[in-house]
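Examining the three-dimensional arrangement
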Amino acid sequence: MLAELIGGYVLDEKSIASDEKSITSDENSITSDELDENRGLEYDYYDEYLKQNISPHTELRAKTEINYLKLKNEFFISKLVVLKAYIICCLENQTSADDLFAVKLKQYKAEFEAVLALALQDKAQNGSTFINAFNAPLLRG
């Protein structure tokens, strides 16, 4: 279902690992050499239990995956990065199928899919990065 929501594009670990070296956004560029474990987190995390397990590297991984979607709405970008960081944190720390991380993982995955659907709908309605017949300029002579 998630692959359908993002147009059939599936993120895999190889593509994420190769792009962790350099992440480019409109405003700045972050390289993994500049990533310092003592650096503060860019986004606000409100789940106090998971927040203690989220490192700048986890945030960078989440941001890398969300940047692939090429969203423009900052609200959706920040929400999706935070949710993706929670999901990564839960996956890394889960020890059994019924521990607290598993419960939080299930909840955050459902929330991530719902917000992703809204973000992609917003992207389609408020400007896409793709050119199609409906947004290409017509030249009349």
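Every chain begins its residue count from 1, and numbering advances along the sequence as written. With the structure being a predicted model, the display of local features is reserved for residues of pLDDT at least 70 and the display and counting of side-chain atom pairs for 80 or more, all residues being used for whole-chain, interface and lining totals. The basis for every side-chain value is the complete set of heavy atoms in the structure, and neither hydrogens nor water enter the calculation.

1. Section: the overall build of the chain
Note the following rule: Counting from the N terminus, the helices are DSSP H or I runs at least four residues long and the strands are E runs at least two residues long. Burial classification: accessible surface area is computed with a 1.4 Å probe over protein chains only, and a residue below 20% of its type maximum counts as buried, one above 50% as exposed, and the rest as partly exposed. The contact rule is simple, with two residues in contact once any of their heavy atoms fall within 4.5 Å. In this description, accessible areas are obtained by the Shrake-Rupley approach with a 1.4 Å probe, and a residue is regarded as covered only by the protein chains that are shown.
The secondary structure content of the chain amounts to 6 helices and 2 strands. Put simply, the chain runs from its N terminus to its C terminus through helices and strands in the order α-α-β-β-α-α-α-α. Counting over 141 residues, the chain shows a buried share of 35%. Here the contacts in the chain between residues at least 6 apart in sequence split such that 61% fall between residues at least 24 apart. Element-wise, carbon and sulfur atoms account for 53% of the exposed surface of the chain, whose accessible area totals about 9,300 Å².

2. A closer look at the packing of aromatic side chains
Here the distance between the centres and the angle between the planes together describe a pair of aromatic rings. Spelled out, the test is: Each aromatic pair joins two rings of Phe, Tyr and Trp (for Trp, the six-membered one) with centres within 6.5 Å, and gets the label stacked for planes under 30 degrees apart, edge-to-face for over 60, and tilted for any other angle. A ring is scored as having a charge over it whenever the NZ atom of a lysine or the CZ atom of an arginine sits within 6 Å of its centre and within 35 degrees of its normal.
Within the structure shown, the criterion is met by 4 aromatic pairs. Considering the side-chain rings of Tyr86 and Tyr108, the 4.6 Å spacing of their centres and the 35° angle between planes classify their relative orientation as tilted. Highlighted residues: Tyr86 in helix α5 (residues 74–93) and Tyr108 in helix α6 (residues 100–125), separated in sequence by 22 residues. On the basis of relative accessibility, which here comes to 4%, the residue Tyr86 falls in the buried class. Seen from the ring of Phe112, Lys84 lies directly overhead, with NZ or CZ sitting 5.4 Å from the centre.

3. Details of α5
For the record, the criterion: Between the first and last residue of a helix there are one fewer steps than residues, each counted as 1.5 Å, and that sum is the expected span. Nitrogen and oxygen atoms within 3.5 Å of one another constitute a polar contact, given that in protein one can donate a hydrogen and the other can accept it, and given that sequence-neighbouring residues count only through two side-chain atoms.
Here α5 spans 28 Å end to end across 20 residues, near enough to the 28 Å set by a 1.5 Å rise per residue. N-capping of α5 is provided by Asn73, with a side-chain oxygen placed 2.9 Å from the backbone N of Phe75.

4. Focus: the confidence of the model for the chain
We count it as follows: pLDDT is defined as a per-residue confidence score from the predictor, taking values between 0 and 100.
The share of residues in the chain with pLDDT of 70 or more is 62%, and the mean pLDDT across the chain is 75. Segment residues 33–38 is flagged for pLDDT under 50; beyond a separation of four residues in sequence, or across chains, it makes 8 contacts in the model.

5. Some words on unusual backbone geometry
Phi is positive for Lys70, close to 55°, though the residue is something other than glycine. Within the secondary structure, Lys70 sits in the loop between α4 (56–67) and α5.

6. Let's talk about the state of the cysteines
What counts, and what does not: A pair of sulfur atoms, both from cysteines and within 2.5 Å, is called a disulfide here.
For the structure shown, the criterion picks out 0 disulfides. Its sulfur unpaired, Cys90 is 5.6 Å from the next cysteine sulfur, which belongs to Cys89. With relative accessibility at 0%, the residue Cys90 sits in the buried group.

7. Comments concerning α4
Taking 1.5 Å of rise per residue, the 12 residues of α4 would be expected to cover 16 Å, and the 16 Å separating its terminal C-alpha atoms lies within 8% of that figure. With 10 of its 12 residues buried, α4 lies for the most part within the structure. Listed as buried for α4 are Pro56, Thr58, Glu59, Leu60, Arg61, Ala62, Lys63, Thr64, Glu65 and Ile66.

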